[in-house]
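Topology and contacts: notes
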Amino acid sequence: MTGDAAKAQEAFQNTVREAALRSARDEPPPDRLWFFRDARWRCLAASEQGIQAEPGMLEEVEIAPFAPRQIEQLEPQQLAVWISAAPEPQRTALALFYLDEFSLREMLSLLEIKAPEFADLIASGRRQFQSWLDATTPYYDGEDFDAQQA
Amino acid sequence: MPNKPETLLHCAPITEKTGIDRAMRVAIQRARHGKKATAFANQQAFDMAVAKLVHAIPVDAQVAEWFANEKLIPVVRQRWKKILLNPAVLAILLALVVIGGVFAYRVREHLRDFPGADKARRLLTVATSTRSVLLDPLKTDAGALSDLFFMKYRLEHYDVPAEFADFKTLGTRVFDDEEVHRVAQIWVVEKRIQFFLFPAEPDKEGKINDFSDWRFVELEGWTGAVTQRNGVCFMAAMRGSEDGLKPYLEKKKQ
């Protein structure tokens, strides 16, 4: 979310502290989404001070049938850095979507956007990531790849 | 939630979960068996590979430790007082109380019911609307009217019970009611009490079971004390509660 572990940790700590304070005031967080919403805004506030990614700067290509094999070659940190470099709200959309822990309704609530916008963010994120994959992790064995088995 | 299948497919869940919207399920099923099956399969494989990699991203040890501690954030349960003061909860509770009250009243009324109770209630409505001018003026003892009813109207056993036989009458009439049939109505001086004599109601087996005790019916602020002898019901009706009638009913016992 921030591209900086220290900033993320600080945002997380502040969210937990805020939750504890609210509980002490007899106003506990209403639901689990509150934690993610609060942490997200803290991350956004923290990352505003750094270099900002600009939307629409990356090339986009259609998803390749062999993309999973390209992804397998990546290190997890590479993906983390790529996602953290995406502009908001695409960064949060990709992070929430690929965590695979939230329903669509919850993600829309957290991001405070409409479904078509969310779908566009994810779809363009896929295409941009594929473009980045092609540039960094080319796959030369594609001729033998059977898309139906993917 | 979006309705367009394309929009839905772009954010199709990576793993099958329970509680997915019906529109989403339909869109996924159509995509899997339609023209875009290959493209959708590629997208799903791509998403699964990315999700797998996301879960492999190392989490800071301190943060991981915090998440492992379930009591990290004290969960303060909403106090009962706060829950009860919630307008929605209050409205539900009030509705339940009203429903419970009506149900209890109905059950109580049903438990006290007897064959002829419906007829008695119907005559209570007659009592509420009766004016003295409707009755033929007649000043005598209520107990003396049995002969009049038999001689003039051929009404057998239309007898006023001993408890009320000494009451002075103001007027009387005999009329036909659609449901109750032949009814004798007597208006007495004492607290403007009205007496009704009417045919008894047979039970479910078609038998008429007399009862010598007094049973009560209530309607719109009026109370009737009913007893049944020789297949004829007698009801003393007055405005007020059972307590107003009980002293007259206990006279006989004394």
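Just so it is clear, the model here is predicted, and its values are computed rather than measured.

Another point: the overall build of chain A. The number of helices and strands found in chain A is seven helices and zero strands. Each helix and strand of chain A, ordered N terminal to C terminal, gives the series α-α-α-α-α-α-α. Out of the 150 residues in chain A, the part that is buried amounts to 29%. Partitioning the contacts of chain A with sequence separation of at least 6, the portion at a separation of at least 24 is 76%.

Note on strand geometry: in a regular strand, side chains alternate between the two faces of the sheet. All names here are of chain B. With six bridges connecting them, strand 5 (residues 211-219) and strand 6 (residues 222-229) associate as antiparallel partners. Directly across from Glu 218, in strand 6, lies its bridge partner Thr 223. A loop of two residues connects strand 5 with strand 6, the two strands running antiparallel in sequence, and Glu 220 in this loop sits at a positive phi of about 50°.

Glycine aside, residues mostly have negative phi, and peptide bonds are mostly found in the trans state. With an omega of 0°, the peptide bond running from Glu88(A) to Pro89(A) counts as cis. For Pro89(A), the location among the structural elements is in the loop between helix 4 (76-84) and helix 5 (90-99). For Glu112(A), which is not glycine, the phi torsion reads 55° and is therefore positive. Topologically, Glu112(A) is positioned in the loop between helix 6 (104-111) and helix 7 (115-136). By C-beta crowding, Glu112(A) is classed as exposed, having 9 other C-beta atoms within 10 Å. We note that Asn230(B) has phi near 55°; this positive angle belongs to a residue other than glycine.

So, about the pairing of strand 2 (residues 169-177) of chain B. Residue and element names in this part refer to chain B. Looking at chain direction, strand 1 (residues 136-137) and strand 2 are connected through two bridges and run antiparallel. In the sheet register, Asp 136 faces strand 2, and the bridge partner there is Thr 172. Inspection of the sheet shows strand 2 paired to strand 3 (residues 181-188) by eight bridges, in the antiparallel sense. What sits directly across from Arg 173, in strand 3, is Gln 185. Taken together, strand 2 and the strand that follows it, strand 3, pair antiparallel across an intervening segment of three residues.

The next point concerns the nonpolar core. If you look at the biggest cluster of nonpolar residues, it comprises 35 residues, and the most contacted ones within it are Leu123(B), Phe195(B) and Met235(B). Residue contacts for Met235(B): discarding those within four places in its chain leaves Ala120(B), Leu123(B), Phe195(B), Phe196(B), Gly224(B), Ala225(B) and Val226(B). Listed in part, the 31 residues of the second largest apolar core include Ile83(A), Leu108(A), Leu121(A) and Val50(B).

Moving on, we come to the sheet that holds strand 4 (residues 194-199) of chain B. Residues and elements named next belong to chain B. With antiparallel pairing, the seven strands of this open sheet are ordered in space as 1-2-3-4-7-6-5. The strands lining the two open edges of the sheet, one partner per strand, are strand 1 and strand 5. In the sheet, strand 4 pairs with strand 7 (residues 232-239) via six bridges, with the strands oriented antiparallel. Note on strand 7: the bridge partner recorded for Gln 194 is Ala 237. The strands touched by helix 7 (residues 117-129) within the sheet are strand 3, strand 4, strand 5, strand 6 and strand 7, with strand 5 carrying the most contacts at an inclination of about 55°.

Contacts between the two partners involve 37 residues from chain A, matched on the other side by 31 residues from chain B. Elements represented by at least two residues in the side of chain A that touches chain B include exactly helix 1 (5-24), helix 3 (67-72), helix 4, helix 5, helix 6 and helix 7 of chain A. For the side of chain A that touches chain B, the per-class residue count stands at 27 nonpolar, five polar and five charged.

In this section: the confidence of the model for chain A. Across chain A, the average pLDDT comes to 80, with 83% of residues at or above 70. Confidence over residues 143-150 of chain A falls short of pLDDT 50; this stretch has 12 contacts with residues more than four positions distant or in other chains.

As a further point, take the environment of Gln194(B). Mapped onto the fold, Gln194(B) is located in strand 4. With 42 residues separating them in the primary sequence, Gln194(B) and Ala236(B) have C-alpha atoms 5.8 Å apart.

Attention now goes to the confidence of the model for chain B. In this model, chain B carries an average pLDDT of 84, and 90% of its residues clear a pLDDT of 70 or more. Across the assembled chains, the prediction reports ipTM 0.80 with pTM 0.51.

Another point: the environment of Leu249(B). Residue and element names in this part refer to chain B. Checked against the element boundaries, Leu 249 lands in helix 9 (residues 242-253). A residue is classified by how many C-beta atoms lie within 10 Å of it, and Leu 249, with 18 of them, is partly exposed. Separated by 87 residues in sequence, Leu 249 and Ala 162 place their C-alpha atoms 9.6 Å apart.

Rules used in this analysis
Residues numbered from 1 in each chain as written. Chains lettered and ligands numbered in written order. Predicted model: local features only at pLDDT ≥ 70, side-chain atom pairs only at ≥ 80, totals over all residues. Helix = DSSP H or I, 4+ residues; strand = E, 2+ residues; numbered from the N terminus. Buried ≥ 20, exposed ≤ 12 C-beta atoms within 10 Å, placed from the backbone. Contact = placed C-beta atoms within 7 Å. Pairing = 2+ DSSP bridges. Core = buried A, V, L, I, M, F, W, Y, C linked by C-beta atoms within 7 Å. Axes fitted to C-alpha atoms, helices over the stretch in contact; angles between N-to-C directions. Nonpolar A, V, L, I, M, F, W, Y, C, P; charged D, E, K, R; others polar. pLDDT = per-residue confidence, 0-100.

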